[in-house]
Amino acid sequence: MNGPPPRVEVVRIDFRDERTPYSTRFQDVYFSAMDGISESRYVYLEGSGYLEALTEGRPRIEVGEVGFGVGLNFVLTLDAFLKESKPGQVLHYHSFERFPVHLDDLKRLYAAYPELTEASSMLLDHYPLLTPGVHSLRMAGGRVRLWLSLGEARQQMALSDFRVDHWYWDGFAPKQNPDAFDPGLFVEVARLSRTGSRGASFTSAGWVRRAIEAAGFRIEKRPGFGKKRECIRAEFVGPGIEGTSPLPPWFSGESSVVRPPEAGPVGVIGAGLAGSSISRRLAEAGYDVLIFDPEGPGNRTSGNPLGLYNLQISKKPNPISRFAQAALAEFLRELQDLGVPHHTGILRTDFHDPLPLIESGYPEDSYEITPRGIRLKVCGVVNPRDLCRIRIEHPKIRLLRNRVTSVASTGKGFLIHAEGLPPVECAQVVSTLGADFRLPDVAPPVIPHLDPIPMRPIRGQIILVPPGALSQNLQETLVEEGYASPALPELSGVDAHLIGATYQALTVLPDQEEIDRDQLIRESAKWPEFSGSYPEESVRSRVGWRLSSPDKLPVIGPLCDPDLLAGIYGNAFRGGPLKSLPTVPVAPGEWTLTALGSRGITFSSIGSLLLSDWMTGGRLSIELDLIEHLHPARFFIRKLKRPGIS
Ligand SMILES: Cc1cc2nc3c(=O)[nH]c(=O)nc-3n(C[C@H](O)[C@H](O)[C@H](O)COP(=O)(O)OP(=O)(O)OC[C@H]3O[C@@H](n4cnc5c(N)ncnc54)[C@H](O)[C@@H]3O)c2cc1C
Ligand SMILES: C[S@@+](CC[C@H](N)C(=O)[O-])C[C@H]1O[C@@H](n2cnc3c(N)ncnc32)[C@H](O)[C@@H]1O
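These figures come from a predicted structure and were not determined experimentally.

Let us now look at the overall build of the protein. The secondary structure content of the protein amounts to 17 helices and 29 strands. A compact globule built from 646 residues should have a C-alpha radius of gyration of about 26 Å, and the protein, at 26 Å, falls within 12% of that. Across the 646 residues of the protein, 48% fall into the buried class. For the protein, the share of sequence-separated contacts (at least 6 apart) that also reach a separation of at least 24 residues comes to 75%.

Okay, here's the thing in structure tokens:
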């Protein structure tokens, strides 16, 4: 990407009347004022061949759209799907929008369209936190997936990889909105089109037609709706113009081998935040899952009584802050989808200037400036142990309370050896061991391809202190260097504030627990609520071990053999042609989701979505340039590029 991407801006719409939304910025209506529903159905659903594919019973229908707007095309597409689809049919709707509309305006608009209530209420219920990047919204029991990419369409497309059968090109009038019809955008459209895919637009402007044709489509004019003269439909007769892939060849999304649910169960090792999360996603995708964990769900590091789901503040967006942003948005969806109890509200008492939040694209109504600091209205606390338990409550998930000692490949699948069990056959394995296997006093299981990844344990401690005269009234979690939660006995199971957390990679002293307890008490006294003293016996401590990678990002994806990588890439990084290199050779069926660091709650949520999409061969749920910051092979590739680094 050259230069920073254009900012995403949440917009309010002007209502010409209750049924006619208008954009002052583009001086145009979002859809026709005369009979918007019939016109959109005619131009897009019919013109792009979507309705035909639906009635033919095409098993998987992929629609692409430039300009999500108020979502009318989506709602109509969904409405038709809900009414006419056959069992087993699925709909993927990939839409791009740089100026997403505020939820309150959508609610007002759809209140005036009672005939669309069933579909529009699904959109309103799932409408995301309007942050830049990809939002993957699952509806109708997972049969419908809306991929809403917020950002400039052409740039967002360049960071995506999927294939479309039916396109809706629905910018505002091309004169006012040339970037929505830019020739460069259609180059990306062509890259994302299956041969034979069809597209439609309300406009038949000459320069727009030429841009679409140049990208490899054959265009046909058809009569416009009502009094309008004409509109267009197009067919992709490709190969078109090859677009640029967002990934270097060695990280290409194709570097995995998909094994369907029928191939056999997936073995997940570890039932912490990572293991519970990937188990749930896979179960929802139809896989049988066996989770191995002698401690049960969320009883090691993931077992604190409370944990924060928080956003990451950084001066400029970077891979970690972008991943954390996607993670927060996905976690908010999970909270809602699984009905996870939570307590909202974080006050950053060290932070008064909202500029970094604006730069990162957090919508204005997601925070509030107060005299005491910035209130993050979309962040809060959950009980991580309960979250793990809720995640694995699914008929396709079976928990085995046994310690895994080794994993051996059989070629077609794996034999998982665990204490007290005969070897268990699984088609695939996901390692989510957390820091345990790197602790000196724990015998590590033998998982050959996990072992070489450079990750280290980081000790952390929290304390639980009883509510005092001032602190008992605290309603939100205070955050600066550390954090202090309100006392939330119903959520946490203890009538105490949780104060955290220490961070320590170096030597652990024999009396570390007391040292850390005193440090946490001292540090929290900066907040008046916690300036009192506590009798020693009233303070309880809990210690856990985070697992962290050298670049502080999680490790997510297929495992691979570093020796094999070195053999294949060998000298290529010293001047050889990079383009012709093969993709990373992965160990088929071996995956990991780990190194969640200090953000296991939200990182497990987006990480498991990403990994389950990867394992099932679907579109990946983040902007693709982030993959090279998450892929388990990245450390080996970096080392091959710069052999001097350790
Ligand atoms: C003090 C502290 C405070 C924190 N606060 C927050 C916070 O506020 N918000 C937040 O998002 N994150 C927080 N974190 C980070 C978060 O807790 C971790 O990122 C998260 O728990 C990691 O989850 P995991 O599933 O990777 O690891 P774990 O929770 O450690 O789970 C790994 C599981 O694997 C099992 N296992 C290990 N070996 C084997 C084996 N051989 N066979 C079978 N099972 C095995 C273990 O029993 C364990 O249950 C905090 C961490 C600490 C230490
Ligand atoms: C006519 S409206 C789309 C109506 C929409 N299809 C619907 O059914 O409600 C055009 C939309 O394109 C968006 N848009 C314009 N230029 C864009 C760009 N370069 N990238 C992404 N979205 C863009 C506008 O913000 C607007 O929401």
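We are not done yet, so read on.
Turning our attention to the site of ligand 2. In the neighbourhood of ligand 2, 21 residues make up the surrounding shell, with Gly67, Gly69, Leu72, Phe99 and Ala153 lying closest. Taken together, the elements giving at least two residues each to the shell around ligand 2 come down to helix H3 (72–84) and strand S5 (90–97).

One can read the domain layout of the protein as domain 1 (14–244) and domain 2 (252–300 + 389–453 + 550–641). Just the C-alpha atoms count here: the centres of domain 1 and domain 2 sit 35 Å apart. The biggest single contributor to the side of domain 1 that touches domain 2 is strand S6 (residues 133–139), with 3 residues. Looking at side-chain class alone, the side of domain 1 that touches domain 2 contains 4 nonpolar, 4 polar and 1 charged residues.

So, about the site of ligand 1. The environment of ligand 1 is made up of 42 residues, and the closest members are Gly270, Gly272, Gly434, Gly460 and Gly600. Among the elements of the structure, helix H9 (273–284), strand S14 (307–309), strand S23 (456–465), strand S27 (540–548) and helix H16 (600–615) are those that each provide at least two residues to the shell around ligand 1. Class assignment of the residues belonging to the shell around ligand 1 gives a composition of 16 nonpolar, 19 polar and 7 charged.

Another point: the sheet that holds strand S10 (residues 217–223). Taking strand neighbours across the sheet as the criterion, the 8 strands line up as S6-S7-S5-S4-S8-S9-S11-S10 in an open arrangement whose pairing is mixed. This sheet does not close on itself; its edge strands, each paired only once, are S6 and S10. Within the sheet, the average angular offset between the axes of one strand and its neighbour, ignoring direction, is 20°. When strand S4 (residues 60–66) meets S5, the two strands line up parallel, connected through 7 bridges. Note on S5: the bridge partner recorded for valine 63 is tyrosine 93.

Another point: unusual backbone geometry. Cis geometry is found at the peptide bond from glycine 500 to alanine 501, where omega equals -20°. Among the secondary structure elements, alanine 501 is positioned in the loop between strand S26 (497–500) and helix H14 (512–524). Here the phi dihedral of lysine 552 falls at roughly 70°; this positive angle occurs in a residue that is not glycine. Along the chain, the position of lysine 552 falls in the loop between S27 and strand S28 (555–560). Judged by the 13 C-beta atoms lying within 10 Å of it, lysine 552 falls in the partly exposed class. Not every positive phi belongs to a glycine, and alanine 595 is a case in point at roughly 55°.

Here 3 strands make up an open sheet; going across it, the order is S19-S20-S21 and the pairing antiparallel. In this open sheet, the two edge strands, each paired with only one partner strand, are strand S19 (404–409) and strand S21 (424–426). On average, each strand axis in the sheet is inclined to that of its neighbour by 25°, with strand direction left out of account. Where S19 and strand S20 (residues 414–418) come together, 5 bridges link them in antiparallel fashion.

Let us look at the packing of H9 against H16. Relative orientation of the contacting elements H9 and H16 amounts to 35°, with a least axis distance of 8 Å. Between H9 and H16 lies a crossing whose hand is right-handed. Each of Leu273, Ala274, Ser277, Ile278, Arg281 and Leu282 in H9 lies in contact with H16, whose residues at this interface are Gly600, Ile601, Ser604, Ser605, Gly607, Ser608, Leu609, Leu611 and Ser612. Of the residues that constitute the contact of H9 with H16, the class distribution is 7 nonpolar, 7 polar and 1 charged.

For the rest of this paragraph, the subject is the environment of leucine 273. Structurally, leucine 273 is set in helix H9. Using a count of 33 C-beta atoms within 10 Å as the deciding quantity, one classes leucine 273 as buried. Remark: the alpha-carbon pair of leucine 273 and alanine 435, spanning 162 residues in sequence, is separated by 12 Å.

Moving on: the pairing of S4. In terms of burial, S4 is largely enclosed, as 6 of its 7 residues are buried. Between S4 and its parallel partner S5, the chain crosses via H3, and the hand of that crossover is right-handed. By the bridge criterion, 4 bridges tie S4 to strand S8 (residues 164–169) in an arrangement that is parallel. Within S8, the position partnered with valine 63 by the bridge is histidine 166.

Extensive coverage of S8 is indicated by the burial of 6 of its 6 residues. Alignment of S8 against strand S9 (residues 193–201), held across 5 bridges, turns out to be parallel. Within S9, the residue paired with histidine 166 across the bridge is arginine 198. The parallel pair S8 and S9 is bridged by helix H7 (residues 183–191), and the resulting crossover is right-handed.

A separate point is the packing of helix H1 (residues 36–46) against H3. Packing of H1 against H3 leaves a shortest axis separation of 10 Å and a crossing angle of 80°. Of the possible angle classes, the one that applies to H1 and H3 is roughly perpendicular. In this structure, H1 uses Gly36, Ile37, Ser40, Arg41, Tyr44 and Leu45 to contact H3, whose residues at the interface are Leu72, Asn73, Leu76, Thr77 and Ala80. When grouped by side-chain class, the residues that make up the contact of H1 with H3 number 6 nonpolar, 4 polar and 1 charged.

What follows deals with the environment of glycine 618. By the element assignment, glycine 618 lies in the loop between H16 and helix H17 (634–641). Spatially, the C-alpha atoms of glycine 618 and leucine 478 are 39 Å apart, while their sequence positions differ by 140 residues.

Side chains of residues three or four places apart in an α-helix project in the same direction, reflecting 3.6 residues per turn. Of all the positions in H17, only Arg634, Phe636, Ile637 and Leu640 are classed as buried. End-on view of H17: buried residues confined to an arc of 165°, all on one side of the axis. Buried residues in H17 make contact with helix H15 (562–569).

Relative to the assigned elements, phenylalanine 162 resides in the loop between helix H6 (153–158) and S8. Overall, the presence of 15 C-beta atoms within 10 Å leaves phenylalanine 162 in the partly exposed class. Spatially, the C-alpha atom of phenylalanine 162 lies 25 Å from that of glycine 361, the residues being 199 residues apart in sequence. In this view, phenylalanine 162 contacts Glu62, His94, Leu192 and Arg619; residues no more than four positions away in its chain are not counted.

Reading guide: rules and limits
Residues numbered from 1 in each chain as written. Chains lettered and ligands numbered in written order. Predicted model: local features only at pLDDT ≥ 70, side-chain atom pairs only at ≥ 80, totals over all residues. Helix = DSSP H or I, 4+ residues; strand = E, 2+ residues; numbered from the N terminus. Rg over C-alpha atoms; globule rule 2.2 N^0.38 Å. Buried ≥ 20, exposed ≤ 12 C-beta atoms within 10 Å, placed from the backbone. Contact = placed C-beta atoms within 7 Å. Near = placed C-beta within 6 Å. Domains from an automatic or database assignment. Nonpolar A, V, L, I, M, F, W, Y, C, P; charged D, E, K, R; others polar. Pairing = 2+ DSSP bridges. Axes fitted to C-alpha atoms, helices over the stretch in contact; angles between N-to-C directions. Left-handed = near helix turned anticlockwise from the far one by under 90°. Right-handed = clockwise from strand over helix to strand, strands pointing away. Parallel < 35°, antiparallel > 145°, perpendicular 65-115°, else oblique. Arc of directions from axis to C-beta.

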